[in-house]
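Given next are the chains, with one letter for each unit.
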Amino acid sequence: MHSFFKTWLTICLLIPLAAHATNREQRLPNGYVGYTANATAVRSNKSSSGKLHASRRVTNAAAKQAVAQMPASQSSNVLSRAVNQLGTPYRWGGSTPGKGFDCSGLVKYAFNDIDDVDLPRTSNAMANGDHGVKVARSDLKPGDLLFFNIRSRRVNHVAIYLGNDRFIHAPRTGKNVTIDTLNKPYWQKHYVVAKRVLPQQQQQLRLAKR
């Protein structure tokens, strides 16, 4: 069931990529809360019944067909590798599914199959090095890296942007790889900068700025 959920969630997260390609906006349902590795989608309900928990189910065959129909791109490959690790335990210094991930280890793993992208090992080095170009929060695209400073003046946390203000990351000791949202005041407070490191998207950004 766990792998089935990951397959379904991968499909949902890759939908914004198709929207970017066709200049169509994908809107979340009203009251959307988010996803985690061990929960279904949750929608808030203002009626007296409180919150309504809605789960969606698709067959494995339908899931494989939907993935096959997604446009091939660097960002979809990165997101697929990252989303497949949902639920993997956090481990400081970890960079593999078997041993677990810390935040930068998950990012390195997700970008591992992308040619011409050789990221440093730490979040601070990723943020301050010459890897990629900085992007405004209003211009974020799936696959961009988000950097935060938590209990520090320096960048010490990194996540991968998924679209619709969501990102995937390995939070901290005792937690698992999960999906969160930039709309939370906590992440807004600690947000520092975003960078685009995928070669194809960097080229598109440079052309747009001309």
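Note: the structure precedes this text.
Quick caveat, the model's predicted, so the values are computed rather than measured. (Residues numbered from 1 in each chain as written. Predicted model: local features only at pLDDT ≥ 70, side-chain atom pairs only at ≥ 80, totals over all residues. Heavy atoms only, no water.)

## Remarks on helix α4 (residues 103–110)
And step 1. Burial runs high along α4: seven of the eight residues are buried.
And step 2. Looking at α4, one finds that the buried residues are Cys103, Ser104, Gly105, Leu106, Val107, Tyr109 and Ala110. (Buried < 20%, exposed > 50% of the residue type's maximum accessible area, 1.4 Å probe, protein only. Helix = DSSP H or I, 4+ residues; strand = E, 2+ residues; numbered from the N terminus.)

## Let's talk about the pairing of strand β9 (residues 178–181)
And step 1. Burial along β9 is two-sided: the face carrying Thr178 and Asp180 and the face carrying Ile179 and Thr181 are both buried.
And step 2. By the bridge criterion, four bridges tie strand β8 (residues 166–169) to β9 in an arrangement that is antiparallel. Bridged to Ile168 within β9 is Ile179. (Pairing = 2+ DSSP bridges.)

## Examining the pairing of strand β6 (residues 145–148)
And step 1. Both faces of β6 are covered, namely the face carrying Leu145 and Phe147 and the face carrying Leu146 and Phe148.
And step 2. Inspection of the sheet shows β6 paired to strand β7 (residues 157–163) by four bridges, in the antiparallel sense. If you follow Phe148 over to β7, its bridge partner there is His157.
And step 3. One ladder, built from four bridges, connects β6 with strand β10 (residues 191–196); its direction is antiparallel. Its bridge partner being in β10, Leu145 is matched across the sheet by Lys195.

## Observations concerning the pattern of salt bridges
And step 1. In this structure the tally under the stated criterion is five salt bridges.
And step 2. Its salt-bridge partner being Arg81, residue Asp113 comes within 3.1 Å of it at the nearest N-O pair. Remark: Arg81 occurs in helix α3 (residues 74–83) and Asp113 occurs in the loop between α4 and α5 (123–128); sequence separation between them is 32 residues.
And step 3. Ionic pairing is found between Lys184 and Asp180, a salt bridge with its closest N-O pair at 2.9 Å. (Salt bridge = Lys/Arg side-chain N within 4 Å of Asp/Glu carboxyl O.)

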